[in-house]
Amino acid sequence: MNSTLKNIILGMLLMPTALSADTFSEITNAMVGSSPIIQAQQEALRAQLLATKANNTLNNPEIEFERLWNAGEHGDNRWSAGVSQRFEWPGIYNARSKAGQAVSEANVRRMDELRTEITAQVSKALIDYVEASRKATMLAEADSLLSSLRDATEKAYRHGETTILDVNRTAVEAAGVSADYAEALAALAARRADLEAMGYNPRTMPPLSFGIDFPNYELLPDESYLTAAETAPAVVSAMAALKVAEAEAEATRKGRFPGFSLGYRHAFEDGNHFNGLSVGIELPIWRSGKEVAAANAAKLASSFQQKAVLTETAGRIRSTLNTLHGLKTRISLLAPPVENTNNQRLLLKAYKGGQITLLDYLRESTYFLDARLSLISLQAELARAGVELQALTPGL
């Protein structure tokens, strides 16, 4: 792949655009807002809530009709008709209503948790894109410099001003950087494809550009995060699920009380009409004990799950904080001699001025290029860790 074609591809992947400082957040919010995963989960939870409410209504009334034919020669046929309505113990309806309210609240908390998860996933995918775009841009610069140096060395060799070894060294180094640049372009295209697979739409969302920066999260004192585990979306959602299990266990317990039915009946027998009242009692003696035991077991499982999520979240917060502090220290040491400096140009100037040899230039140029790429990787890791911490403690 020649330099002109690679630069055209880079220009297509990185459309230079004047972007606001909030472009990262704008793209993230747009992608999360149109996520089909969130929409699907929202409808699934709504269906669950409607099913819970449907379970707390009266049974359908039952209409009965009976007709008996007289097999003998005397007597009239008999028939009867009636309508009845079954009722459960009154306290069950109130208990199920409370369970429905708990389910409704749990659905809200689950959606909050899901949005936080999707936001973190989209943010990390966008960070991957920013990392790939920065590396591609940096390697494009190095590829251009080495291509120019290779051409100049070949020209100097034709005029007898250098050796074939210098020409070969430059060609080998230029080929290596050119291959790295091609890989960077492929990685950049893959990261863009990842974003599009997650819902990025270039027609309706801000454009992807080299102007997008890594998100910067200002850290609060560690104590602020370590005490925030109980308000993490996953923990709050687990607590809401526990309340649902408790409410459902209470409703199941009240289901052990008898149900009853009331009805009106009309019968015709021997030429006479009869009107009457029917009363029935349902005795829950076969299944209710096992149902209560199952509900209590589910409540206990939810309790353990809530504690497990709280413990795991607190551990993830501590681990993420340690990662952030370590990355900040490494970046603070590496950034000053690498970031916002012009080491490559200074090296080229020193080489052209005869202060260093070609071999020194190639070796030092590779050294500083690797350092710059390492710095970008560290900055991307820092941004991803910041997203992780923000997802664990969104209220801070």
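Just so you know, these numbers come straight off a predicted model, no measurement behind them.

Caption draft 1: Structural view of helix α3 (residues 36-54). Helix length check: α3 (19 residues) gives 27 Å between terminal C-alpha atoms against 27 Å at 1.5 Å per residue, within 8%. Considered for burial, the residues of α3 that qualify are Ile38, Leu45 and Leu49. Buried positions in α3, seen along its axis, are confined to an arc of 45 degrees and lie on one side of it. Against the buried residues of α3 lie α2 (23-33) and α4 (90-158).

Caption draft 2: Region of the structure containing the pattern of salt bridges. As enumerated under the stated definition, the model contains 24 salt bridges in all. Among the salt bridges present, the one from Asp112 reaches Arg109, with a minimum N-O distance of 3.6 Å. You can see Asp112 and its partner Arg109 sitting in helix α4, three residues apart, about one turn around the helix. Of the residues examined, Asp112 reaches a relative accessible area of 30% and is grouped as partly exposed. You can call Arg109 partly exposed: its relative accessible area is 30%. Note that Arg134 and Asp213 form a salt bridge whose closest N and O atoms lie 2.4 Å from each other. Note that Arg134 is positioned in helix α4 and Asp213 in the loop between α5 (164-197) and α6 (222-226), a separation of 79 residues in sequence. Taking the relative accessible area as the measure of exposure, Asp213 reaches 44% and is therefore partly exposed. What you see here is one network of salt bridges that share partners, running through Glu105, Arg109, Asp112 and Arg115.

Caption draft 3: View of the sheet that holds strand β1 (residues 62-68). An order of β1-β2-β3-β4 is seen for the four strands of this open sheet, with the pairing classed as antiparallel. The outermost strands of the open sheet, each flanked by one partner alone, are β1 and β4 (272-282). Averaged over all pairs of adjacent strands, the angle between their axes in this sheet comes to 15 degrees, without regard to strand direction. The pairing of strand β2 (residues 78-87) with strand β3 (residues 259-269) spans nine bridges and is classified as antiparallel. Each bridged residue has a counterpart across the sheet, and for Ser80 the counterpart in β3 is Ala267.

Caption draft 4: Local environment of the packing of aromatic side chains. Applying the stated rule across the entire model yields six aromatic pairs. Ring centres 5.4 Å apart and planes at 80 degrees place the aromatic pair Tyr367 and Phe368 in the edge-to-face group. On the basis of relative accessible area, Tyr367 is assigned to the exposed category, the value being 54%. Put simply, the rings of Phe65, Trp79 and Phe268 pair up and form one aromatic cluster.

Here is what the cut-offs are and how they apply
Residues numbered from 1 in each chain as written. Predicted model: local features only at pLDDT ≥ 70, side-chain atom pairs only at ≥ 80, totals over all residues. Heavy atoms only, no water. Helix = DSSP H or I, 4+ residues; strand = E, 2+ residues; numbered from the N terminus. Expected span 1.5 Å × (residues − 1). Buried < 20%, exposed > 50% of the residue type's maximum accessible area, 1.4 Å probe, protein only. Arc of directions from axis to C-beta. Contact = heavy atoms within 4.5 Å. Salt bridge = Lys/Arg side-chain N within 4 Å of Asp/Glu carboxyl O. Pairing = 2+ DSSP bridges. Axes fitted to C-alpha atoms, helices over the stretch in contact; angles between N-to-C directions. Phe/Tyr/Trp six-rings, centres within 6.5 Å; stacked < 30°, edge-to-face > 60°.

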